[in-house]
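Coordinate inspection notes
Here is what each chain is made of, one letter per residue.
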Amino acid sequence: MSAGDAPPVITIDGPSGTGKGTIARLLTAWLDWHLLDSGALYRLAGLAAQDRGLDLDDAHAVAALARGLDIAFVEGAQDTRVLLAGRDVTDTIRSEACGALASQVAAHPAVRDALLARQRDFRRPPGLVADGRDMGTVVFPDATLKIFLTASAEERARRRYNQLIEKGMSVNLARLSRDITARDKRDAERAVAPLKPAPDAILLDTTSTDIHVVEEQVRQLVRERGLARTR
Ligand code: C5P
């Protein structure tokens, strides 16, 4: 498939707690497109590596594991279930502990490389909304619309706290805040595909904006790019 007839992609990048997952899901439902939750792939790689007892610093071993991961995203009536080798790990991978594992394995270029083709395979007609850290910079540099969401560190920690509490997990806000700061620092400082906006990304600060206002701002951008003519 040449770049000209490849299905369109909208990338939603940014650190955790900016509302990027929510916006990506809302946009996917509105457009009736496919969704790539790339963070879930890194979380699955981190979890699988831990389950196998691998040394997370052993880039070669973790990359080999990541390349062959048996993953399935199953659409249910309520949500999408994530299966790792047939086991439902939807809730397990959402913990901050798993986020930290993901961030550790994501720092290895070999692991990123192992997941690259798998991520690009999600690009199917009529289009793809891709949520992550390097969607606009590395995985889909030719995306039609690139959004980069930001929010203050305090607000992001508060949102993640509420999300985890809603999922019934026990969380300590101060510790969560420290863990998120450490994860963001690692993601932003790594040598390969660090967390940063693509030069042609549109930055939206969501700190004090209601998620539905952000959603409407993004919809407007989607319309302006001619990606949703009928909506
Ligand atoms: O988005 P989410 O919080 O699920 O991502 C978990 C971790 O996976 C991030 O902190 C980051 O280290 C890694 N990640 C990445 N590149 C992506 C998506 C996630 O490095 N595109």
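Just above, that's the structure.
Residues numbered from 1 in each chain as written. Predicted model: local features only at pLDDT ≥ 70, side-chain atom pairs only at ≥ 80, totals over all residues. Heavy atoms only, no water.

A separate point is the packing of aromatic side chains. Taken as a whole and assessed by the stated rule, the structure comprises one aromatic pair. Geometrically, the ring pair formed by F73 and F122 is edge-to-face, given 6.0 Å between the ring centres and 75 degrees between the ring planes. Of the two residues, F73 is situated in strand β3 (residues 71-75) and F122 in the loop between α5 (109-120) and β6 (128-132); the sequence distance between them amounts to 49 residues. Relative accessible area serves as the criterion here: at 30%, F73 is assigned to the partly exposed category. Under the relative-accessibility criterion, F122 is labelled buried at 17%. (Phe/Tyr/Trp six-rings, centres within 6.5 Å; stacked < 30°, edge-to-face > 60°. Helix = DSSP H or I, 4+ residues; strand = E, 2+ residues; numbered from the N terminus. Buried < 20%, exposed > 50% of the residue type's maximum accessible area, 1.4 Å probe, protein only.)

This part takes up the site of the ligand. Neighbouring residues of the ligand: 16 residues in total, closest R43, R112, D134, R183 and D187. One of the side-chain N or O atoms of S38 is found 3.0 Å from a nitrogen atom in the ligand. In the model, an oxygen atom of the ligand is placed 2.6 Å from a nitrogen or oxygen of the D187 side chain. Elements that contribute at least two residues to the shell around the ligand include exactly α2 (38-51), α4 (96-106) and α8 (173-189). Ranked by the residues each element gives to the shell around the ligand, the list is headed by α2, at four residues. Residues that form the shell around the ligand fall into these classes: four nonpolar, four polar and eight charged. Residues from two domains meet in the shell around the ligand; each of domain 1 (10-33 + 126-222) and domain 2 (40-125) gives at least three. (Near = heavy atom within 4 Å. Polar contact = N/O pair within 3.5 Å; in protein donor to acceptor, adjacent residues only side chain to side chain. Nonpolar A, V, L, I, M, F, W, Y, C, P; charged D, E, K, R; others polar. Domains from an automatic or database assignment.)

Moving on, we get to the pattern of salt bridges. Taken as a whole and judged by the stated rule, the model has 20 salt bridges. In this structure, the salt-bridge partner of R123 is D142, at a minimum N-O distance of 3.3 Å. Here R123 is found in the loop between α5 and β6, whereas its partner D142 is found in the loop between α6 (135-139) and β7 (145-150), with 19 residues between them in sequence. Here R123 falls in the buried class, since its relative accessible area comes to 18%. Taking the shortest distance from any N to any O, the salt bridge between R158 and E155 comes out at 2.8 Å. (Salt bridge = Lys/Arg side-chain N within 4 Å of Asp/Glu carboxyl O.)

Below, the discussion takes up the packing of helix α1 (residues 20-31) against helix α9 (residues 211-224). Contact geometry for α1 and α9: axes closest at 10 Å, N-to-C directions at 50 degrees. By the angle between their axes, α1 is oblique relative to α9. Two packed elements cross with a definite hand, and for α1 against α9 that hand is right-handed. Mapping the contact onto sequence places T22, I23, L26, L27, W30 and L31 in α1 and I211, V214, E215, V218, R219, V222 and R223 in α9. (Axes fitted to C-alpha atoms, helices over the stretch in contact; angles between N-to-C directions. Parallel < 35°, antiparallel > 145°, perpendicular 65-115°, else oblique. Left-handed = near helix turned anticlockwise from the far one by under 90°. Contact = heavy atoms within 4.5 Å.)

So, about the side chain of H108. Along the chain, H108 turns up in the loop between α4 and α5. Apart from residues no more than four positions distant in its own chain, H108 is found in contact with L56, D57 and A59.

It is worth spelling out the nonpolar core at this point. By size, the foremost hydrophobic cluster in this structure holds 37 residues, and its most contacted members are L36, L44, L69, I93 and F140. Only α2, α3 (59-67), β4 (80-84), α4, α5, β6 and α6 provide two or more residues apiece to this core. The element contributing the most residues to this core is α2, with eight residues. Each of domain 1 (10-33 + 126-222) and domain 2 (40-125) gives at least three residues to this core. If we ignore the near neighbours within four places in the chain, the residues touching L44 are L69, I71, V82, L84, V89 and I93. (Core = buried A, V, L, I, M, F, W, Y, C linked by side-chain atoms within 4.5 Å.)

Okay, the packing of α3 against α5 next. Packing of α3 against α5 brings their axes to within 8 Å, and their N-to-C directions diverge by 10 degrees. The angle between α3 and α5 places the two elements in the roughly parallel class. From α3, A59, V62, A63, A66 and R67 reach across to α5, where they touch A110, V111, D113, A114, L115 and R118. For the contact of α3 with α5, the class distribution of residues is eight nonpolar, no polar and three charged.

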